[in-house]
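Architecture at a glance
Chain by chain, the residues run as shown.
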Amino acid sequence: MSKLKKPIRMCIICRGRFGQNTLTRFQINREKIIQFSKVGRSSYICDDCLCLDEAKIVRIMNSKLKLRYKKIEEFGDFFSSKVRKHN
């Protein structure tokens, strides 16, 4: 009898591999980060990376997502509320 494999996804900040159900999934829509709408491409971020220093998150997310924001609030309400909840 074979075991069912759980989907593994990669955090875009630390590049760690985790189970899909343990990561926060989001997508970019009109240059804002929103909760995944089940249509289009998405990205994942782990809970440990959500706890990083805000400036570090902004710097890494800007480089990975090709954006130019200076504050976490500019990414959108969904993402900034997730970061504040973990800090």
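Structural notes, computed from the coordinates. (Residues numbered from 1 in each chain as written. Predicted model: local features only at pLDDT ≥ 70, side-chain atom pairs only at ≥ 80, totals over all residues. Heavy atoms only, no water.)

Okay, the pattern of salt bridges next. Applying the stated criterion to the full structure yields one salt bridge. A salt bridge links R84 to E73; its shortest N-O distance comes to 3.6 Å. Residue R84 is located in helix 3 (residues 77-86), and its partner E73 is located in the loop between helix 2 (54-65) and helix 3; the two are separated by eleven residues in the primary sequence. You can call E73 partly exposed: its relative accessible area is 40%. (Salt bridge = Lys/Arg side-chain N within 4 Å of Asp/Glu carboxyl O. Helix = DSSP H or I, 4+ residues; strand = E, 2+ residues; numbered from the N terminus. Buried < 20%, exposed > 50% of the residue type's maximum accessible area, 1.4 Å probe, protein only.)

What follows deals with the side chain of S43. Relative to the helices and strands, S43 resides in strand 5 (residues 43-45). Looking at S43, the relative accessible area reads 17%, which means it is buried. Discounting residues that sit within four places of it in the chain, S43 has contacts with I12, T24, R25, F26 and L65. (Contact = heavy atoms within 4.5 Å.)

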